[in-house]
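# Structural features, examined
In case you want the letters, here they are:
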Amino acid sequence: MTVPVPSPPEQPPAPRPSLAPPAPPGGARKEEGSALLRYGLAVASVLAGLLVQRALWPFMVSSSFLAFFAAVMFASWRGGWGPGLLATGLSLLTVHYFFLEPLGAWDLAPGKLVSLGLFLALSLFVTTLNVRLRQANAERADLLERERAARAAAEYERARLRELFMLAPAHLVIFRGPQHVFELSNPLNTAMLGNPERLLGLPAREVGPKEEAERVGQMLDHVYTTGEPFMAQEVPLKLPQPDGSIREYIFNVTYTPTHDVRGQVDGVAGFAFDVTDLVRARARAERLARELSHNEEHLRLLAGASSFLATSLDSKATLSNVVRLAVPTVADWCIVDMTTGDGGLQRQEVAHAPGEPAELREPLWTPAPYEAIAPELGGAMPLLLRGQPFFIQDVTEEGLRQLTSDPGRLEVFRKLRLRSLVLVPMVAGERPLGILSFGTTWRSGRGYTAADIPFLQELANRAALSMENARLYHEAREAVRLRDEFLSIASHELKTPLTPLNLKLQALRRELDRTPGPVRRELVENYLDVGSRQLKKLAELVNDLLDVSRIAAGRMSLEPTPVDLVELVRDVVAAYEGPAARSGSTLQLECADAVTPGLWDRPRLEQVVVNLVDNAIKYGQGRPIHVRLETREGRAVLTVRDQGIGIAEDSLPRLFGRFERAVSGRNYGGLGLGLYITRTLVQAMGGTVRVESRLGQGSVFTVELPLHAEAPAA
């Protein structure tokens with residue numbers, strides 16, 4: 001069965017034809033053409049008859065009226081009474097003057113009168129026949145036109161009615177015959193039945209599940225045989241779904257008989273409105289009202305639970321408060337299991353109400369293997385990770401086996417005489433903390449229902465929140481410790497350049513004291529060179545710390561100006577050739593093509609290039625370093641490749657983080673800020689930075705910057 005999808009809508013009906021007002025009975029259609037044309041045709045037919053008669057006169061002297069008789073017939077058929085009478089009169093005059101003896105005279109001899117009278121009578125008779133035939137044809141055409149208009153109107157109304165059926169927000173169906181064959185089913189009803197490939201033409205008892213189809217068939221039989229409508233409220237109907245499940249619908253149903261022209265029942269029309277959501281919403285509202293009434297005392301307890309649980313920031317004290325809240329107020333037994341670092345569970349608390357056997361407390365302190373808890377759900381850990389409670393309202397022997405598969409624990413539960421049991425997970429955010437187990441026994445007579453689950457889950461949530469607060473408190477203290485450790489490292493790093501600087505200054509002072517004359521220039525330059533390098537290193541450390549504070553405070557700003565990136569990179573490479581040489585490395589610059597100047601903050605962009613080059617020198621192990629600048633798809637691409645120690649794969653995701661280091665601080669100095677600042681500056685200028693590396697195989701840092709777009713301020 002396919003997923004229920006409404007059938008495609010029918011083609012919209014044609015616009016309703018405009019119906020002309022019906023002609024009165026016996027009325028003729030409007031005469032074709034103007035009066036002048038009809039009378040002109042009558043005169044022309046007489047002239048044509050004259051010409052024909054003249055042409056045939058030598059051969060048919062005795063037939064003087066034949067051509068004119070044809071002219072009268074044509075004029076009366078084409079124009080009606082007026083043109084017919086006109087043609088008759090003109091024909092009488094023409095025949096009398098041109099074709100009756102004596103020719104060319106107007107005298108009325110008896111022979112002429114008889115001939116002319118006979119022609120007149122026949123002409124009038126033919127004209128009468130033509131006029132009546134004309135009227136009959138006009139009336140017939142009018143009737144046909146009315147019938148066509150009526151058919152069009154009926155088709156339009158039928159199409160409109162069908163469209164209303166198809167688009168109606170109700171389930172509509174029409175059955176025909178005693179077998180209740182589907183004649184019409186709107187898309188909503190067809191979708192409910194699973195959109196079968198063939199529905200129309202099938203009996204109702206052959207569609208859908210057999211039991212439901214038989215029940216519907218009996219309703220239709222009653223309506224068809226009695227002719228009485230059938231109405232029912234909230235009728236349940238179970239139908240299969242595409243995933244194989246069974247869904248229950250609830251309908252308000254009306255079945256009405258349809259009749260043929262003789263008044264006999266020939267089918268049934270069905271109307272159904274889906275009230276499933278309404279009925280279920282009403283049931284939920286009633287259930288919620290009962291639950292609210294039932295949980296009134298629980299809500300009062302929860303009102304004070306948060307403050308009570310927050311009285312301590314120690315996790316053990318929090319767990320003790322949890323069991324004090326639960327026992328004996330809402331539970332006879334309460335057990336707390338917390339997660340461990342290895343993915344298991346460790347029992348932390350076991351408490352029981354007065355009157356419960358205390359000797360059973362000790363066996364419960366030793367938990368069964370966590371996979372033996374709720375084995376039908378795959379163990380306690382999947383239960384915990386899914387965040388769903390485990391509930392047994394009335395504990396039976398089968399229920400105990402659902403709870404545990406450990407034989408020893410099963411015997412302990414039997415001695416407890418458990419009545420109801422609920423296991424709820426403690427989850428903080430998406431991190432599972434543990435499981436709270438609440439139990440009632442037959443000794444107290446208390447039991448849990450489904451209405452108690454939200455309360456117990458909320459109690460577990462508040463306990464989890466309290467424990468999470470305790471954890472965050474300890475993490476905050478740890479963060480303070482880490483801060484102090486960082487300050488210690490930072491002070492050490494700041495002292496590192498000061499020590500050689502101080503030693504050089506002291507050496508220079510001793511040299512001045514020992515030498516009465518001028519000190520050798522080479523010696524002074526050496527001391528100054530060392531001092532400059534150490535001061536530069538000290539300034540870089542201080543600037544990095546200042547940049548981090550600016551970034552954290554959101555005060556890092558950029559001043560974009562036109563920058564020649566090729567010139568900038570060449571300047572940095574030239575400035576660092578000396579440090580690279582001292583480390584045993586060589587800097588190799590390659591500009592694949594000219595890079596169009598872009599709009600960037602020059603000092604900050606220079607800081608990015610310096611950080612990458614300095615980083616490559618520090619970890620390059622004295623091997624060549626390749627710096628490449630090129631243009632790709634409208635972006636400037638800077639690549640810095642070293643062949644040094646490389647970076648472990650698990651360290652790559654955090655490499656650009658603040659204070660993150662992928663190497664030991666004992667072997668390599670630094671605060672772990674250079675790459676963090678680099679990423680922040682590159683992103684602020686609208687670019688990206690990434691790294692590709694393997695341990696022992698060097699690293700490749702790639703920076704991409706837009707050439708034409710103005711970078712946003714950080």
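Description of the structure in this document. Not measured: the values here are computed from a predicted model.

## Quick word on the overall build of the protein
Within the protein, the secondary structure is distributed over 19 helices and 17 strands. Considering the protein as a whole, with its 714 residues, one finds that 39% of them fall into the buried category. Summing over all exposed atoms, the protein offers an accessible surface of approximately 39700 Å²; the carbon and sulfur share of this is 57%.

## Observations regarding helix H2 (residues 66-79)
In this model H2 runs 20 Å from its N-terminal to its C-terminal C-alpha over 14 residues, within 8% of the 20 Å that 1.5 Å per residue would give. Taken together, the buried positions of H2 are occupied by Ala-67, Phe-68, Ala-71, Val-72, Ala-75, Ser-76 and Gly-79. In an axial view of H2, the angular spread of the buried residues amounts to 165°, which keeps them on one side of the axis. Looking at the buried positions of H2, the neighbouring elements they touch are helix H1 (35-56), helix H3 (81-98) and helix H4 (110-167).

## Description of helix H18 (residues 602-619)
Under the 1.5 Å per step criterion, the end-to-end length of H18 is 26 Å for 18 residues, consistent within 8% with the ideal 26 Å. Counting buried positions over the 18 residues of H18 gives 13, a clear majority of the element. Between a side-chain oxygen at the N-terminus of H18 and the backbone nitrogen of Arg-604 the separation is 3.2 Å; the capping residue is Asp-601.

## Digging into the packing of H3 against H4
Two numbers describe a pair of packed helices, the interaxial angle and the distance between the axes. Their axes nearest at 10 Å, the elements H3 and H4 cross at an angle of 160°. In terms of their interaxial angle, H3 and H4 are classed as roughly antiparallel. The chirality of how H3 crosses H4 is right-handed. Contacts between H3 and H4 involve Trp-81, Gly-84, Leu-85, Thr-88, Ser-91, Leu-92 and His-96 from the former and Lys-112, Leu-116, Phe-119, Leu-120, Ser-123, Leu-124, Thr-127, Thr-128 and Val-131 from the latter. Class assignment for the residues of the contact of H3 with H4 results in 8 nonpolar, 7 polar and 1 charged.

## Comments concerning empty space enclosed by the protein
Enumeration according to the criterion identifies 4 cavities of 30 Å³ or more in this entry. Looking at the largest cavity, its volume works out to about 390 Å³. Along the walls of the largest cavity sit 27 residues, with Asn-189, Met-192, Val-216, Leu-237 and Tyr-255 positioned nearest its centre. Contributing elements (two or more residues each) for the lining of the largest cavity: strand E1 (171-176), helix H5 (187-192), helix H6 (210-226), strand E3 (230-240), strand E4 (246-259) and strand E5 (265-274). For the lining of the largest cavity, the leading source of residues is H6, giving 5 residues. Within the lining of the largest cavity, the residues separate by chemical class into 20 nonpolar, 5 polar and 2 charged.

## Thoughts on a nonpolar patch on the surface
On the surface, a nonpolar cluster with roughly 330 Å² of combined accessible area is contributed by Trp-81, Leu-85, Leu-120 and Leu-124. When residues of the nonpolar patch are traced back to their parent elements, those giving at least two are H3 and H4. Looking at where Leu-120 falls in the secondary structure, it is placed in helix H4.

## Some thoughts on the sheet that holds strand E10 (residues 431-441)
An order of E7-E6-E10-E9-E8 is seen for the 5 strands of this open sheet, with the pairing classed as antiparallel. Each edge of the sheet is formed by a strand with only one pairing partner; in this case those strands are strand E7 (345-352) and strand E8 (390-392). Here the average twist between neighbouring strands, direction ignored, is 15°. Note that strand E9 (residues 418-428) and E10 share 10 bridges and pair antiparallel. Counterpart to Val-424 in the pairing with E10 is Leu-436.

Conventions used here
- Residues numbered from 1 in each chain as written.
- Predicted model: local features only at pLDDT ≥ 70, side-chain atom pairs only at ≥ 80, totals over all residues.
- Heavy atoms only, no water.
- Helix = DSSP H or I, 4+ residues; strand = E, 2+ residues; numbered from the N terminus.
- Buried < 20%, exposed > 50% of the residue type's maximum accessible area, 1.4 Å probe, protein only.
- Areas by Shrake-Rupley, 256 points an atom, 1.4 Å probe, with all protein chains shown as cover.
- Expected span 1.5 Å × (residues − 1).
- Arc of directions from axis to C-beta.
- Contact = heavy atoms within 4.5 Å.
- Polar contact = N/O pair within 3.5 Å; in protein donor to acceptor, adjacent residues only side chain to side chain.
- Axes fitted to C-alpha atoms, helices over the stretch in contact; angles between N-to-C directions.
- Parallel < 35°, antiparallel > 145°, perpendicular 65-115°, else oblique.
- Left-handed = near helix turned anticlockwise from the far one by under 90°.
- Nonpolar A, V, L, I, M, F, W, Y, C, P; charged D, E, K, R; others polar.
- 1 Å grid on protein atoms, 1.4 Å probe; cavity = no way out; pocket = protein on both sides within 12 Å on 5 of 7 lines; lining within 4 Å.
- Points joined across faces, edges and corners; volume = space filled by probe spheres on them.
- Patch = residues over 30% accessible without salt bridge, like charges linked within 9 Å, V, L, I, M, F, W, Y side chains within 5 Å.
- Salt bridge = Lys/Arg side-chain N within 4 Å of Asp/Glu carboxyl O.
- Pairing = 2+ DSSP bridges.

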